[in-house]
Amino acid sequence: MTESLAPASSARRPPREEEMSDGERGATRARRGGLLAAGALAALAAGACGGRVVVDGFEPNDGTGGSGATTSSVAPGSSGTGEGGDIGEGGAPPIPPLVKQEFGDVIDGRAVPVTVPPGTLGITAVAQLMTSQPSWEPIGIKSITGPDGRTLVTDYSIPGTMALFYNQGIGTAAVPQTGTAASVPLVPGTYWITLGDGGSGPLAEPARLSVWRRQTLDGRFHGGKIDINAFIAGNAVSEEYMQRALLAAYKGFVGLDVGSITIHHIGPEWASVDEERLPGVLEQTAGASGRPALNVIAVSEFSGRLANAAGATPSAPAVAVEHGTHLSGIVVTLFEEPGIDTVILRHELGHFAGLFHTTEIEAGFADPLDDTSQCEDVLSQLERCPDYNNIMFPTGGDLSSTMTPQQRTIVQASAFYRGIVEDGGGAAAPLPADPGTPASGAPAAPPAPGGDARAAAPYRSGWAAALPPRAATLLGGHFCGHSMAGGADFFARLRAVGGASADQLLAVGRDARAPVQARARALAVAGRAAATTAASARVVTELQAIAADQRLPRPARLGAIQGVASASPAAARELAARLTADPDEVVERVAIRAAR
């Protein structure tokens, strides 16, 4: 057994669609669409010495990666949901909090034995095709069996959930992710992990398995620090607000503190993300600083199958130990309303760490935990659901960010933070950054004071009075990309709860008292609500006027553009011509894309 730094990785992007031939573009879309439709977003879903071992906490941070970015070190402290107080700055940990075992040239379908010693909080398995750049071919974790012979993952899933543990070029799964395995410490012994291609065929390329094991001296959680790389697409959000939102959401979350926040900027072409562009925007994290680290990408809107979502995480769990892969981060839209933005960020981090929705919108599916409640019918009950207060309710719940002990155990056992191994100890130093294309950045403004992480539910005030209560809940809450991957259609759900009146939706979109996420969603679906009615032309005209009104918040204008496109392709082309050279470059770009 040898110790070494993490292996180098390359993150050169595949050709963009405009650079492809028609045949290449179609093949790429077929591969992407097949995986996403199958639920990859919802996984969206020899012994220990048999591979190379890498440890954190014993290598200096060489400062590479993130060229041009500025890191802001956040003072220790704790607030918000989750246990734990101030996290100390004790000495270097006597044992590494995070250990990597690497198994190369894994044979398709053959179980790999992974020894888990006492003191382990959890393991995260990462399967990758051994290619020189991010691959679009599928790979994943087919099965995990525990020391007692109990099957924890079978056929790329956990029964009863909507997760599938495979994706494009990289796939993940973790233990614990079920109530059965959510013990502290994790049951020691040999775990058997099998890789596959997500189906019945052979792997397209040679594969490697990396298993990241989190440990402490006594097998108990002692805290740690979350380092964050924040990527802003165009001018989706200001640097100041981005830092404020990240601190409000993650300082004290499940007993963790915020370490460093590094701001990066990516091009405005990434301001609008659909299911086909999601892997590409995650590749933009290549070269980011530090590991493990949470990459948070802020965009202006989601479109396509992700329309009306506020966040998308490509897998549960995703990858915090390598940047530039198709699973390297979370993607969010922030509305500059602290209550809902905190829920969006915490909910998506929950997925990133390995949590599922407590109950899915699709009936019959729920998380595999023993201490979370489930709802018989989410859409018919919503606020009456017993799990409505939970942060992992599919709409974000009541904004209280409530979590159960097993949910906290799963998050604390994951690999996204720098750990502390004993009471009063210090967090491990970061591993060096991955080699790769440097991420661009700009100086970060200091975080502004204030900003309560909690707020009253946004659908309780006057703007919602004319709507059915459940419709207001859907418009004002969080809507997660995992629900879309599971087949949830926002408009169909809104119609099912009586919220499909185009005139009512227009009224919400025009109401300055309504939260901006409700206005954006209402306008986006108003065009679809009116598409087959006699009022279609009138609604489209109103939506065009809203989209062109430069005094309105950008999310409302973007929602109106989506509404026009869903009602009339001809009207969308007319609107795109009208918005050429609009002062807001994001609005102009989104209008052009919507008219295609």
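It should be emphasised that the depicted structure is a prediction, and the values quoted were computed from it without experimental measurement. (Residues numbered from 1 in each chain as written. Predicted model: local features only at pLDDT ≥ 70, side-chain atom pairs only at ≥ 80, totals over all residues. Heavy atoms only, no water.)

Asker: Please explain the side chain of Arg557 as it appears in this structure.
Answerer: When you line up the elements, Arg557 lands in helix α13 (residues 554-567). There is a polar contact of 3.4 Å between the side chain of Arg557 and the backbone oxygen of Asp549. With sequence-adjacent residues up to four places away left out, Arg557 is seen in contact with Ile546, Ala547, Ala548, Asp549, Gln550, Leu552, Leu579, Asp582, Asp584 and Val587. (Helix = DSSP H or I, 4+ residues; strand = E, 2+ residues; numbered from the N terminus. Polar contact = N/O pair within 3.5 Å; in protein donor to acceptor, adjacent residues only side chain to side chain. Contact = heavy atoms within 4.5 Å.)

Asker: Hey, could you run me through the nonpolar core in this one?
Answerer: For soluble globular proteins, nonpolar side chains are generally found buried alongside one another. In terms of nonpolar packing, the biggest core is built from 58 residues, with Met242, Leu246, Tyr250, Val296, Leu345 and Phe416 touching the most fellow members. Broken down by secondary-structure element, the contributors of at least two residues to this core are β5 (120-129), β12 (224-233), α2 (239-250), β13 (257-266), β15 (294-298), β18 (330-332), α4 (338-353) and α6 (405-412). Residues within four places of Val296 in sequence aside, it is in contact with Ile228, Asn229, Ala230, Phe231, Met242, Leu246, Ile330, Val332 and Leu345. In this structure, Tyr388, Ala529, Ala547 and Val586 belong to the second largest nonpolar core, which totals 53 residues. (Core = buried A, V, L, I, M, F, W, Y, C linked by side-chain atoms within 4.5 Å. Buried < 20%, exposed > 50% of the residue type's maximum accessible area, 1.4 Å probe, protein only.)

Asker: Help me understand the side chain of Thr313 in this model?
Answerer: In this fold, Thr313 is placed in the loop between β17 (311-312) and β18. At a separation of 2.6 Å, a polar atom in the side chain of Thr313 contacts the side chain of Glu348.

Asker: Even after reading the chapter, I still don't get α4, so can you show me in this structure?
Answerer: An α-helical turn contains 3.6 residues, so any two residues separated by three or four positions project in the same direction. Between its first and last C-alpha atoms α4 spans 22 Å; for 16 residues at 1.5 Å apiece the expected length is 22 Å, and the two agree. Within α4, 15 of the 16 residues are buried, leaving the element largely enclosed by the surrounding structure. Positive phi shows up at Gly354, right after α4, with a value of about 120 degrees. (Expected span 1.5 Å × (residues − 1).)

Asker: Sorry, what's going on with the state of the cysteines here?
Answerer: Where two cysteines share a covalent bond between their sulfur atoms, that bond is called a disulfide. Enumeration according to the criterion identifies 1 disulfide in this entry. With a sulfur-sulfur separation of 2.0 Å, Cys375 is cross-linked through a disulfide to Cys385. Because the sign of the S-S torsion sets the handedness, a value of about -60 degrees for the bond joining Cys375 and Cys385 places this disulfide among the left-handed ones. Within this pair, whereas Cys375 is found in the loop between α4 and α5 (378-381), its partner Cys385 is found in the loop between α5 and α6, the two being separated by 10 residues in sequence. (Disulfide = S-S within 2.5 Å.)

Asker: Could you clarify how one ought to interpret the pattern of salt bridges in this entry?
Answerer: Opposite charge on two side chains allows them to pair when their charged atoms are near. Here the structure, examined in full by the defined rule, presents 14 salt bridges. Residue Asp274 is joined to Arg593 by a salt bridge in which the shortest nitrogen-to-oxygen separation is 3.4 Å. Of this pair, Asp274 sits in the loop between β14 (272-273) and α3 (278-283) while Arg593 sits in helix α15 (residues 585-594), and the two are 319 residues apart along the sequence. A residue is classified by how much of its surface remains accessible, and Asp274, at 13% relative accessible area, is buried. Since its relative accessible area comes to 27%, Arg593 is described here as partly exposed. (Salt bridge = Lys/Arg side-chain N within 4 Å of Asp/Glu carboxyl O.)

Asker: Mind showing me how you'd approach the packing of α13 against α15 here?
Answerer: Axis angle and axis distance: for two packed helices, these are the angle between their axes and the distance between the axes, and together they describe the pair. With their axes 10 Å apart at the nearest point, α13 and α15 run at an angle of 10 degrees to one another. In terms of orientation, α13 and α15 fall into the roughly parallel class. As α13 runs across α15, the sense of the crossing is right-handed. In this structure, α13 uses Arg554, Arg557, Leu558, Ile561 and Ala565 to contact α15, whose residues at the interface are Val586, Val587, Val590, Ala591 and Ala594. Residues that form the contact of α13 with α15 fall into these classes: 8 nonpolar, no polar and 2 charged. (Axes fitted to C-alpha atoms, helices over the stretch in contact; angles between N-to-C directions. Parallel < 35°, antiparallel > 145°, perpendicular 65-115°, else oblique. Left-handed = near helix turned anticlockwise from the far one by under 90°. Nonpolar A, V, L, I, M, F, W, Y, C, P; charged D, E, K, R; others polar.)

Asker: Would you mind showing me how to read the packing of aromatic side chains here?
Answerer: Going through the model one piece at a time under the given rule, you end up with 5 aromatic pairs. Their ring planes at 80 degrees and their centres at 6.2 Å tell us that Phe221 and Tyr417 sit as a pair that is edge-to-face. Remark: Tyr417 occurs in the loop between α6 and β19 (418-419) and Phe221 occurs in the loop between β11 (207-215) and β12; sequence separation between them is 196 residues. Look at Tyr417 and you get buried, because its relative accessible area is 1%. Among the aromatic residues, those joined into a ring-pair cluster are Phe221, Phe416 and Tyr417. Positioned above the aromatic ring of Tyr417 is the side chain of Arg214, whose terminal nitrogen or guanidinium carbon lies 3.7 Å from the ring centre. (Phe/Tyr/Trp six-rings, centres within 6.5 Å; stacked < 30°, edge-to-face > 60°. Lys NZ or Arg CZ within 6 Å of the ring centre and 35° of its normal.)

Asker: Any chance you could explain helix α10 (residues 502-510) here in plain terms?
Answerer: Those residues of α10 that fall on the buried side of the exposure criterion are Ala502, Leu505, Leu506, Val508 and Gly509. An end-on view of α10 places all buried positions within 160 degrees of arc, on one side of the element. (Arc of directions from axis to C-beta.)

Asker: In this structure, what is going on with unusual backbone geometry? I would like to understand it.
Answerer: With the exception of glycine, most residues fall at negative phi, and the peptide bonds are largely trans. Val175 connects to Pro176 through a cis peptide bond whose omega is 5 degrees. Structurally, Pro176 can be placed in the loop between β9 (170-175) and β10 (189-196). The omega angle of the peptide bond from Arg291 to Pro292 is -10 degrees, so this bond is cis rather than trans. Along the chain, Pro292 falls in the loop between α3 and β15. Of note in the backbone geometry, Asp155 takes a positive phi value of approximately 50 degrees without being a glycine.

Asker: Looking at this structure, I do not really get the pairing of β9. What am I missing?
Answerer: Looking down a regular strand, the side chains alternate between one sheet face and the other. β9 sits mainly inside the fold: 6 of its 6 residues count as buried. Burial along β9 is two-sided: Ile170, Thr172 and Ala174 and Gly171, Ala173 and Val175, pointing in opposite directions, are all buried.

Asker: Help me understand the pairing of β12, please; the structure alone is not making it clear to me.
Answerer: The buried fraction of β12 is high, at 10 of 10 residues. Across the two faces of β12 the burial is the same, with Gly224, Ile226, Ile228, Ala230 and Ile232 and Lys225, Asp227, Asn229, Phe231 and Ala233 all buried. Inspection of the sheet shows β12 paired to β19 by 2 bridges, in the antiparallel sense. Bridging across to β19, Lys225 finds its partner in Arg418. Both β12 and β13 contribute to a ladder of 8 bridges, which runs parallel. Directly across from Ala230, in β13, lies its bridge partner Ile263. For the crossover from β12 across α2 to β13, the handedness is right-handed. Note that β12 and β15 share 5 bridges and pair parallel. Within β15, the position partnered with Asn229 by the bridge is Asn295. (Pairing = 2+ DSSP bridges. Right-handed = clockwise from strand over helix to strand, strands pointing away.)

Asker: Is there a simple way to explain the confidence of the model for the chain in this structure?
Answerer: Interpretation of this model should avoid reading the predicted coordinates in detail wherever pLDDT is low. The predicted model of the chain has a mean per-residue pLDDT of 79, with 78% of residues at 70 or higher. For the chain, helix α1 (residues 22-38) is the element with the lowest average pLDDT, namely 36, and β15 is the one with the highest, namely 98. Segment residues 1-88: pLDDT under 50, and 245 contacts once partners within four positions in sequence are set aside and those in other chains are kept. (pLDDT = per-residue confidence, 0-100.)

Asker: Even after reading the chapter, I still don't get the packing of helix α7 (residues 469-476) against helix α11 (residues 516-530), so can you show me in this structure?
Answerer: Relative orientation of the contacting elements α7 and α11 amounts to 105 degrees, with a least axis distance of 7 Å. Relative to α11, the element α7 lies roughly perpendicular. Residue-level contacts link Leu474, Leu475 and Gly476 of α7 to Gln517, Ala518, Arg521 and Ala522 of α11. Classifying every residue of the contact of α7 with α11 gives 4 nonpolar, 2 polar and 1 charged.

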